[in-house]
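A closer look at the structure
Residues per chain are reported as follows:
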Amino acid sequence: MKKTQKQNTGSDILRRILHNKTAMISGIIILIIIALAVLAPILSDYDETSQDLLKRLMPPGNGHIFGTDELGRDVFTRIFYGTRVSLMIALIPTALAVILGAVAGICAAQFRGAADFIIMRIADVMLAIPGMLLAMVVLYTLGGSLASVIISLVLVEWGGIAVVVRTATLEIRECEFIEAAVSTGAGRLRVIIRHILPNLVPTLIVLFTLNIPSSILSESALSFLGIGIQPPQVSLGLMVGVSRQYLFQSPHLALAPACMIMILVLSFNFLGDALRDILDPDRRTL
Amino acid sequence: MKDTLLELKDLTVSVRQEKKEIPIVKGVDIVIPKGQIVGLVGESGCGKSMTARSIMGLLPPSAGVSGQILWHDTDGTVTDLTGLRENKLRKMCGPKIGMIFQEPMTSLNPMMRIGDQVAEVLLIHKLVKNRAEAAEKVIRLLGEVGISDPGLRYRSYPHELSGGMRQRVMIAMAVICEPDLLIADEPTTALDVTVEAQILKLIRRMCGSYHMSAIMITHNMGVVSEICDSVYVMYMGRIMERAAVSQLFERPLHPYTKGLLSSIPRIGANPEYLETIPGNIPELGKEAVGCDFCIRCSEDEHRCFFEHPQEEDAGEGHFVSCFSWKRGER
């Protein structure tokens, strides 16, 4: 079978994204959420930490769109500040994990032998430990903070990415154009940077977007359990966790941040799926 | 020899597979004279590609090479390429040796503009000062290899080009540093016939204008007759017969060569019947005691099965490894 030529040039990809409804809708939702998170101080009259103990556990309405929580703080405002943390968690550790995983995967595939063995066994060990457990151990030793949440998520995610990148690299380096590059005198480093890396970019983009939802969910879960983000910092998971006690009196306290988590995760998930279809020539239907 | 560019002496390539050494090329001697196009013909899997790849060090890691690959440089020095360190050999690839591959669809990087890909070769070997100078050279060469509107095409991606055009780009990549030797590994197999003729003509022209020698690997006797000066016929990793092209076509001596030549379909011949060589290439690694071709040969004798034929001089630069070539001549 003749291999289909990948058509992954920049303008081509952009055109296909614009034609893909799922990608467009989820992309627009993500952009709106990012805008809301960034503009939170302007959009809301309240401060995310200022308490009003006379107005505790108010139902939605009366100037508080989603009501107030157990300390009289405005839930609507807190959601957007929580989203800031979630987005940071979505982007920073995932990006770091993709970079680390890509370097490890490319090294393993390119040098083979002992380097391959050592890198992949470390990745296997990371994959063998349940991610949540590993993150909890890291957080327990480092203490709950944004930085330690980021470190623990990078540790959880890089292994899986390294495995995928290694396989993709092995496939690319078998391509004839790599041999052609070598036949013109290109050295190892040049082959990696000029030929392998650009062809990995679609894979890396998909890995990045598909890992974002799991990062958000992990952070939410860790904060829910009380070992992630610590008050007075706000996080969506932390909000759900604390409002657990008031679930029957004021369900909106848990529902509002939970819905936000759901919208965020679903949007990134759909975007990742759509991008995979767009960037993967074998799945593409013309 | 003063006019020799490259000499393969007793070249042996074997591949390790499941702890067994499987010989792919078994003691091949080839001489590439300066300015000549030498054909290397044989069926699929006979080791012709491996022979060519061993020159550039492009063999898979499991392969082992022995013998000598002697490069006669213009300043008179002779180097054995098999003994060269990896980085030294890479320095020769491009400025001294260029290579064209079989599949133009996959031999160009799909993520890189074709002009940049050709320019890359100049930049690797630091033959130009900057990108602008490289681009200028590339555009001139793209025009030379028959790409219309080279200034515009410079910015095209491979998928925007047809197979023939891509092969022209490959040729430009191979010759941009003006190498002394061009290795063409079945350059026209993936192309259709009209394009094939154009590409062959182009290779011939480039060889002429840059004073290049070339090794033309092919299984197509028609290609050989069109472009080559001399031919080596390979079978199961050995050279069966070698001669100048006109010699070989007029007076094929080895039964295998005769089989190859009679397998070319001819207009006017009986259209119901296409001549073939009976049987298949034996399994790799199953070593025959005698001649490798004996089980498929139509002129085999008793001793063919027990003795290995040595190369014999048939006169006029024509050599053949067969016991029965004299009888075959009649």
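The rules behind the values
Residues numbered from 1 in each chain as written. Chains lettered and ligands numbered in written order. Predicted model: local features only at pLDDT ≥ 70, side-chain atom pairs only at ≥ 80, totals over all residues. Helix = DSSP H or I, 4+ residues; strand = E, 2+ residues; numbered from the N terminus. Rg over C-alpha atoms; globule rule 2.2 N^0.38 Å. Buried ≥ 20, exposed ≤ 12 C-beta atoms within 10 Å, placed from the backbone. Contact = placed C-beta atoms within 7 Å. Pairing = 2+ DSSP bridges. Axes fitted to C-alpha atoms, helices over the stretch in contact; angles between N-to-C directions. Domains from an automatic or database assignment. Nonpolar A, V, L, I, M, F, W, Y, C, P; charged D, E, K, R; others polar. Parallel < 35°, antiparallel > 145°, perpendicular 65-115°, else oblique. Left-handed = near helix turned anticlockwise from the far one by under 90°. Core = buried A, V, L, I, M, F, W, Y, C linked by C-beta atoms within 7 Å.

Comments concerning the overall build of chain B
Scanning chain B from terminus to terminus reveals eleven helices and twelve strands. A compact globule built from 330 residues should have a C-alpha radius of gyration of about 20 Å, and chain B, at 21 Å, falls within 12% of that. Based on the C-alpha atoms only, the size of chain B along its principal axes is roughly 65 × 50 × 45 Å. Relative to its 330 residues, chain B shows a buried fraction of 47%.

Here's the deal with the environment of Leu222(A)
Residue and element names in this part refer to chain A. When you line up the elements, Leu222 lands in helix H9 (residues 188-224). Sequence separation between Leu222 and Phe111 is 111 residues, and the spatial gap between their C-alpha atoms is 37 Å. Leu222 has contacts with Ala135, Leu139, Val149, Ile227, Gly228 and Gly237, leaving out every residue within four places of it along the chain.

Here we look at the sheet that holds strand S3 (residues 37-41) of chain B
Residue and element names in this part refer to chain B. Taking strand neighbours across the sheet as the criterion, the eight strands line up as S6-S7-S8-S3-S9-S10-S12-S11 in an open arrangement whose pairing is mixed. Each of the sheet's edge strands pairs with one partner strand only, and the pair in question is strand S6 (97-100) and strand S11 (312-313). As paired elements, S11 and strand S12 (residues 319-320) share two bridges and run antiparallel to each other. Across the sheet, Glu312 pairs through a bridge with Val320, a residue of S12. Contacting S3, S6, strand S7 (181-185), strand S8 (213-218) and strand S9 (230-235), helix H1 (residues 48-56) runs over the sheet at an angle of about 145° to S7.

Examining the domain arrangement of chain B
All names here are of chain B. Assigned domains of chain B: these are domain 1 (1-96 + 179-330) and domain 2 (106-178). For domain 1 and domain 2, the distance between their C-alpha centres works out to 29 Å. The element contributing the most residues to the side of domain 1 that touches domain 2 is helix H7 (residues 193-209), with six residues. In the side of domain 1 that touches domain 2, the residues fall into twelve nonpolar, two polar and no charged.

A closer look at the pairing of strand S2 (residues 20-33) of chain B
Two faces make up the sheet, and in a regular strand the side chains alternate between them. Residues and elements named next belong to chain B. Inspection of the sheet shows strand S1 (residues 4-17) paired to S2 by eleven bridges, in the antiparallel sense. The residue of S2 that forms the bridge with Gln17 is Lys20. Between S1 and S2, which follow one another and run antiparallel, lie two residues, and Glu18 among them has a positive phi close to 50°.

Details of the interface of chain A and chain B
One widely used convention gives an interface's size as the accessible area the parts lose upon coming together. With 23 residues of chain A at the contact, the number on the chain B side is 25 residues. Looking at the side of chain A that touches chain B, the elements with two or more residues in it are helix H8 (176-183) and H9 of chain A. Broken down by class, the residue content of the side of chain A that touches chain B amounts to six nonpolar, ten polar and seven charged.

Some words on the packing of helix H2 (residues 21-38) of chain A against helix H11 (residues 252-279) of chain A
All names here are of chain A. The interhelical angle for the contact between H2 and H11, taken along N-to-C directions, is 140°, at an axis separation of 8 Å. Taken together, the axes of H2 and H11 lie oblique to each other. Crossing hand, H2 versus H11: left-handed. In contact with Thr22, Ala23, Ser26, Gly27, Ile29, Ile30 and Ile33 of H2, H11 contributes Ile263, Leu264, Ser267, Phe268, Phe270, Leu271, Asp273, Ala274, Leu275 and Ile278.

Some points on helix H3 (residues 114-124) of chain B
Counting buried residues along H3(B), nine of its eleven residues qualify, which places the element largely inside the surrounding structure. Those residues of H3(B) lying buried are Ile114(B), Gly115(B), Gln117(B), Val118(B), Ala119(B), Glu120(B), Val121(B), Leu122(B) and Ile124(B). Of the surrounding secondary structure, the elements contacted by the buried residues of H3(B) are H9 of chain A together with helix H4 (131-144), helix H5 (150-153) and helix H6 (163-175) of chain B. Positive phi shows up at Lys126(B), right after H3(B), with a value of about 55°.

Comments concerning the nonpolar core
One finds Ala172(B), Ile176(B), Leu182(B), Ile183(B), Ile215(B) and Met216(B) to be the most contacted residues of the largest nonpolar core, which totals 167 residues. Per-element accounting of this core gives the leading share, 15 residues, to helix H4 (residues 75-111) of chain A. Inspection of this core shows a minimum of three residues originating in each of domain 1 (1-96 + 179-330) and domain 2 (106-178) of chain B. Ignoring any residue separated from it by four or fewer positions in sequence, one finds Met216(B) in contact with Ile37(B), Val38(B), Gly39(B), Leu40(B), Ala184(B), Val223(B), Ile227(B) and Cys228(B).

Notes on the pairing of S9(B)
Residues and elements named next belong to chain B. Burial runs high along S9: six of the six residues are buried. Taking every second residue as pointing to the same face, both faces of S9 are buried, with Ser230, Tyr232 and Met234 on one and Val231, Val233 and Tyr235 on the other. Pairing between S3 and S9: four bridges, direction parallel. Across the sheet, residue Val38 finds its bridge partner in S9, namely Ser230. Summarising the sheet, S9 and strand S10 (residues 238-244) pair through six bridges and their orientation is antiparallel. For Val233, the partnering residue across the bridge sits in S10 and is Glu241. If you look at the hairpin formed by S9 and S10, you'll find two residues sitting between the two strands, and Met236 has a positive phi there, around 50°.

Observations regarding the environment of Gln249(A)
Relative to the helices and strands, Gln249(A) resides in the loop between helix H10 (236-243) and H11. Each C-alpha atom, one on Gln249(A) and one on Leu275(A), is 42 Å from the other, the two residues being 26 residues apart in sequence.

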